[in-house]
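The primary structure of each chain is shown beneath.
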Amino acid sequence: QVQLVESGGGLVQPGGSLRLSCAASGIIFSSNTMGWYRQAPGKQRELVALITGGGFTNYADSVKGRFTISRDSTKNTMYLQMNSLIAEDTAVYYCNARNTLRNSWGQGTQVTVSS
């Protein structure tokens with residue numbers, strides 16, 4: 001069974017940083033494309049960052065240069081390092097893992113950027 005468990009969300013001031021974690025079980029990183037998505041109130045869910053099974057990454061223009069997606073294969077954990085946070089980053093952030101057979105989501109974690 002695939003299970004994705006997120007942690008690291010919370011309240012942070014503008015300009016601050018957060019590191020989100022997604023602990024994955026039941027998957028092999030090399031066989032999955034994984035990513036972080038976010039959804040703000042009244043808006044559709046959008047892709048934030050993606051990492052392929054081969055380790056290639058892609059970012060939304062709005063976060064490029066500020067966010068970094070990475071994986072630790074020994075811990076089976078994916079991360080999203082978020083720096084220089086702004087109010088527009090406020091959203092529920094979701095971990096995703098996709099392959100040819102399944103598309104799995106975490107429970108979501110709230111990130112609030114406010115002074």
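Right, let's walk through the structure included here.

Criteria and cut-off values
- Throughout, a residue's number is its position along its own chain's written sequence, starting from 1.
- Given that this is a predicted model, residues contribute local features only at a pLDDT of at least 70 and side-chain atom pairs are listed and counted only at 80 or more, while totals for whole chains, interfaces and linings are drawn from all residues.
- Only hydrogens and water are removed before side-chain values are computed, so all heavy atoms of the structure are retained for them.
- Numbering goes from the N terminus for both helices and strands, where a helix is a DSSP run of H or I of at least four residues and a strand is a run of E of at least two.
- Here, two residues are considered to be in contact whenever any of their heavy atoms come within 4.5 Å of each other.
- Salt bridges are defined as contacts in which a side-chain nitrogen from Lys or Arg sits within 4 Å of a carboxyl oxygen from Asp or Glu.
- Partly exposed describes any residue whose relative accessible area lies between the buried limit of under 20% and the exposed limit of over 50%, with all areas from a 1.4 Å probe on protein chains only and scaled to the type maximum.
- We call a pair of cysteine sulfur atoms a disulfide when they lie within 2.5 Å.

## Some points on the environment of Ala23
Here Ala23 is to be found in strand S3 (residues 18-25). Considered as a pair, Ala23 and Ser70 are 47 residues apart in the sequence and their alpha carbons are 12 Å apart. Here Ala23 is in contact with Gln3, Leu4, Val5, Asn76 and Thr77, once residues within four sequence places are set aside.

## With respect to the pattern of salt bridges
Counted under the stated rule, the structure contains five salt bridges. Two residues, Asp89 and Arg66, come together in a salt bridge whose shortest N-O distance is 2.8 Å. With a gap of 23 residues between them, Asp89 in the loop between strand S8 (77-82) and strand S9 (91-98) and Arg66 in the loop between strand S6 (57-59) and strand S7 (67-72) connect regions that are remote in the sequence. Here Asp89 and Arg66 have matching classes, each one buried. When salt bridges with common partners are traced through the structure, they connect Arg38, Glu46, Arg66 and Asp89 into a single cluster.

## Some thoughts on the state of the cysteines
In total, this model carries one disulfide according to the counting rule given. The disulfide bridge from Cys22 ends at Cys95, spanning 2.0 Å between sulfur atoms. The chirality of the disulfide connecting Cys22 with Cys95 is left-handed, given an S-S dihedral of about -75°. Of this pair, Cys22 sits in strand S3 while Cys95 sits in strand S9; the two residues are 73 residues apart in sequence, bridging distant segments of the chain.

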